[in-house]
Amino acid sequence: MRYFVKRTLHAVVTLISVTTITFALFRLMPGNPAQAMRAQFESQMEAGGGTADPEVLDAMVEQHTGFDPDQPVYVQYVEYLQDIILYQDFGHSYVYNAPVFDILFAAMPWSVFISVYGLALGYTTNILLGAAMAYKEGSRFDTYTTVLATFLNSVPYYVGAILFLAFFGYELGLFPTGGRYNTSLETGLNVRFMASISYHAVLPIMSSFIVGFGGGALSMRGNSIRILGEDYLRVARLRGISSTRIATRYVARNAILPLYTQMMIGIAAVFSSSVLLEFIFTYPGVGWYTFDAVMRRDYPLLMGSFLFFTIVTLIGILIAEFTYGIVDPRIGSGDQSESY
Amino acid sequence: MSHTNESRLEADGQLTDEQLFGHLSEAETVDLSRRERLERVVDAYVLAPGRVAWNDWRTRVGMLVITAFVFFGTIGPRLVTAPGTNQAPNNLQPFHGGIAALWEEGGWIDFGFSHELSLGAISIPGFVVRYPLGADNYGTPITRNLVHATPDMLEMVVAGAIVSVGLAAIFGITAGYKSGKTDELLMYVTDVVMTMPGLPLLIVLAAIWSPRRAWLVGVILAIDAWPGLARALRSQVLTLRQESYVEASRTMGLPSRTILSRDIAPQLMPYILINFANAGRQVVFGSVALYFLGVLPFTTANWGIMMQTAYSEAHALVNLSNFYQIFWPMAAVVVLSFGLILFAQGMDRVFNPRIRARHAKKVGSDEEQLN
């Protein structure tokens, strides 16, 4: 139980640090977005014939960014944190003229949907393929698959996405080339709408599958081969334990552990890849809005989506760590090592 | 200098145990000449790894690919004319004229005695190669663009790999060795950077600094590449710090700095070197992605910018007759990273002590002694 509390606290501290960095980045942005915004509002109001009242300007900037530009930096910082933690207020997008939180909250499930499926598919394939390669070690199948896995490892996921889109999307017309679902369909929990969602998600998921695929199969192969040579397997065989039990309980479980750790790092990679994938597939998730925010210099939205990605990644890593304790009972025992 | 064991060595070409380890009393009397010592060093550090490396097809292919890219990155721009618009017909297909171009006029290879192919100072009369990979919408030859993008890419890769591997080594080794509070603090920093999603972070950083120099782009991309490696290095050090020779140095009261640099770092060098190639690959992926998105400032020729132009101007995905424009830069990225991965895998074998011992000239192999 102490372990869970410690890990959760760790995640909270990480979140606060990232928020701090986000705030610092916001202040460092070229031309200081807060001041630029203030100048923009000023010129807008003067063009409208009104006089720019400094207090009104400050209020407008505060509404968009979540902090008052005339206050000292540390007060701004505390207010920014306060808004996010207490009111889930990430600021106000000026391109969409809506709260950042609402925009991102609506877009988030879509990003998580394609990323999580891609990650799950990638790692399942890795484990199965790696185990098969280790089982047939040295065979022609092993050699060819190793070369293939190495080659796939050197293909960036966006290159995969471009190839999928060009051939399956535009050339063969098998899959839709953009969007999240067929807009002419009635939204809701009906079969045709659900089918449309999965149909539109096939290509993005296939591309994020490449992100998860990585070198996983090769490291699974290496782990399995190493474990196959261990003494305890020989003992298990001598004790007459069935080979299915040996394969699942002895080999697979121990071989998956390092891969599981690797997956925690992979979670961050999968979520960050969604910017490019959603750009290529015009799939309006958080990544697509991030890119849009960069192009239109919508800084509140950009910083908000940056924080959003971090939070989702943190939750993913936290879940992975908690389940890691179930997969590996040794966790937490080796923490106390002597320091020099 | 005449040593009694020397003749035996030449007779059977193998060292006896005594020559390998020596009697303690004799150790001071064994006096190698400088040349002999140099030979041994060269054999152990250059020839043996070289032989192992060359025996593995992966290292051979990897080295070939990397050498080719280094060649195009250093000498290439001197041989190939700088790219520019309207140097070739717009939307010129690659290998125009096809195989027929080998004997027909006006193809990508044109024969004829009036032609002359010049490569720098050397000129070859008889034929000329015209824009073999085609040209883009504005008539910029793709081959020239690709070649002139290589030097910047190499600069990015080297700068990015050095910075990310360096940061990872500093964080990982110190954290693993020091343990306790230092470890907690350093790993905390690592976790924070690892949690921040890479591409969005890079986009924000690129927006802040808008780096124009290639090496600066590499350094910024390194921020995303180091935490994973730092974690891996830390776990390696955690196993090493319990080794008896490290314990011995500690008991002798040597400062941590000496133990780290003399006892621990050499054990980690292979691992670090392999990850150098991997970090390089990550920098290639990242920089091409950022240029493709159009986040980094449009500077000189770059594979990512070529992809961006092909995507947005030539609509290479919709209009598949233009697909070649986006294909060539993508192929360059894939081939370069494939070479880096193969090289890293091959080097893994070089640093594996068992395999290396089998190829060392002056040391008897493990297997022979076992049999």
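Keep in mind that what you see is a predicted model, and the values were worked out from it rather than measured.

Quick notes on the rules
Residues numbered from 1 in each chain as written. Chains lettered and ligands numbered in written order. Predicted model: local features only at pLDDT ≥ 70, side-chain atom pairs only at ≥ 80, totals over all residues. Heavy atoms only, no water. Helix = DSSP H or I, 4+ residues; strand = E, 2+ residues; numbered from the N terminus. Buried < 20%, exposed > 50% of the residue type's maximum accessible area, 1.4 Å probe, protein only. Contact = heavy atoms within 4.5 Å. Areas by Shrake-Rupley, 256 points an atom, 1.4 Å probe, with all protein chains shown as cover. Patch = residues over 30% accessible without salt bridge, like charges linked within 9 Å, V, L, I, M, F, W, Y side chains within 5 Å. Salt bridge = Lys/Arg side-chain N within 4 Å of Asp/Glu carboxyl O. Lys, Arg positive; Asp, Glu negative; His and termini not counted. Charge placed at Lys NZ, Arg CZ, Asp CG, Glu CD. Buried area = accessible area lost by both parts, 1.4 Å probe. Polar contact = N/O pair within 3.5 Å; in protein donor to acceptor, adjacent residues only side chain to side chain. Nonpolar A, V, L, I, M, F, W, Y, C, P; charged D, E, K, R; others polar. Phe/Tyr/Trp six-rings, centres within 6.5 Å; stacked < 30°, edge-to-face > 60°. pLDDT = per-residue confidence, 0-100. Core = buried A, V, L, I, M, F, W, Y, C linked by side-chain atoms within 4.5 Å.

Attention now moves to the overall build of chain A. Of the regular secondary structure elements, chain A holds 13 helices and 2 strands. Buried residues in chain A amount to 45% of all 340 residues. Taking the contacts inside chain A whose residues are at least 6 apart along the sequence as the reference set, 70% of them involve residues at least 24 apart. Accessible surface, chain A: about 16700 Å² in total, of which carbon and sulfur atoms supply 63%.

On a plain count of helices and strands, chain B comes out with 15 helices and 2 strands. Each of the 371 residues in chain B was classed as buried or not, and the buried ones make up 46%. Considering only contacts in chain B between residues 6 or more positions apart, those separated by 24 or more positions represent 69%. When the accessible area of chain B is evaluated, it comes to approximately 18900 Å², of which 61% is carbon and sulfur surface.

Together, Leu38(B), Val41(B), Val42(B), Tyr45(B), Val46(B) and Leu47(B) line one region of the surface with nonpolar side chains, adding up to about 570 Å² of accessible area. By the element assignment, Val42(B) lies in helix 3 (residues 34–55).

Let's shift gears to a positive patch on the surface. On the surface, Arg239(A), Arg245(A), Arg249(A) and Arg253(A) cluster together into a patch of positive charge. By the secondary structure assignment, Arg245(A) is in helix 11 (residues 243–280).

Another aspect to go through is the interface of chain B and chain A. With 50 residues of chain B in contact, the opposing surface of chain A contributes 49 residues. When the two sides are added together, the surface that chain B and chain A hide from each other amounts to roughly 4400 Å², 78% of it contributed by carbon and sulfur. Linking chain B to chain A there are 0 salt bridges. Linking chain B with chain A are 5 residue pairs in polar contact (both at pLDDT 80 or more), by the criterion used here. Mapped by element, the contributors of at least two residues to the side of chain B that touches chain A are helix 6 (142–178), helix 7 (180–195), helix 8 (198–209), helix 10 (244–251), helix 11 (256–293), helix 12 (303–312) and helix 13 (323–351) of chain B. The dominant element in the side of chain B that touches chain A, judged by the number of residues it contributes, is helix 13 of chain B, at 10 residues. Taken together, the residues that form the side of chain B that touches chain A break down as 35 nonpolar, 9 polar and 6 charged.

Attention now moves to the side chain of Thr146(A). Relative to the helices and strands, Thr146(A) resides in helix 6 (residues 140–153). Ignoring anything within four residues of it in the chain, the contact list for Thr146(A) reads Met133(A), Leu218(A) and Arg221(A).

Here we take up the packing of aromatic side chains. According to the stated counting rule, one finds 20 aromatic pairs over all chains in the structure shown. Between Phe151(A) and Phe338(B), the aromatic rings sit 5.4 Å apart at their centres with planes inclined by 80°, giving edge-to-face as the arrangement. Taken as a pair, Phe151(A) in helix 6 and Phe338(B) in helix 13 lie in two separate chains rather than in one. Taking relative accessible area as the criterion, Phe338(B) reaches 17% and is therefore assigned buried. Ring centres of Phe71(B) and Phe72(B) lie 5.6 Å apart, and the angle between their planes is 70°; on these two criteria the pair is classed as edge-to-face. Taken together, Phe279(A), Phe291(A), Phe292(B) and Tyr311(B) form an aromatic cluster joined through their ring pairs.

Oppositely charged side chains are able to pair whenever their charged atoms sit close together. All names here are of chain B. Applying the stated rule across the entire model yields 5 salt bridges over all chains. Linking Glu-39 and Arg-35 is a salt bridge whose minimum nitrogen-to-oxygen distance equals 3.3 Å. Taken together, the residues Glu-39 and Arg-35, both in helix 3 and 4 residues apart, mark about one turn of the helix. Exposure remark for Arg-35: the relative accessible area of 63% places this residue in the exposed category. Linking Arg-250 and Glu-247 is a salt bridge whose minimum nitrogen-to-oxygen distance equals 3.7 Å. Of this pair, Arg-250 and Glu-247 both sit in helix 10, 3 residues apart, roughly one helical turn. Residue Arg-250 is classed as buried on the basis of its relative accessible area of 19%.

Residues and elements named next belong to chain B. Residues of chain B with pLDDT of at least 70 account for 75%, and the chain-wide mean is 76. Summarising per-element confidence for chain B, the mean pLDDT is lowest in helix 15 (residues 366–370) (39) and highest in helix 6 (88). Scored below 50 in pLDDT, residues 1–11 shows 15 contacts in the model against residues more than four places distant or in partner chains. Counting interchain partners and residues more than four positions distant, the pLDDT-below-50 stretch residues 361–371 has 16 contacts.

Let us now look at unusual backbone geometry. Its identity is not glycine, yet Thr282(A) carries a phi of approximately 40°, on the positive side. Mapping Thr282(A) onto the fold places it in the loop between helix 11 and helix 12 (286–295).

On to the nonpolar core, then. Ranked by internal contacts, the top residues of the largest apolar core, which has 127 residues, are Tyr158(A), Ile162(A), Leu276(A), Leu199(B), Leu293(B) and Trp303(B). Take this core: its biggest share by element is 17 residues, from helix 11 of chain A. Here Leu199(B) is in contact with Tyr157(A), Ser272(A), Val275(A), Leu276(A), Ala289(B), Leu290(B) and Leu293(B), once residues within four sequence places are set aside.

Residues and elements named next belong to chain B. Summarising the element assignment, Leu-290 is placed in helix 11. Here the alpha-carbon distance between Leu-290 and Gln-308, two residues 18 residues apart in the chain, equals 10.0 Å. With sequence-adjacent residues up to four places away left out, Leu-290 is seen in contact with Leu-199, Leu-202, Ile-203, Leu-221, Val-295 and Leu-296.

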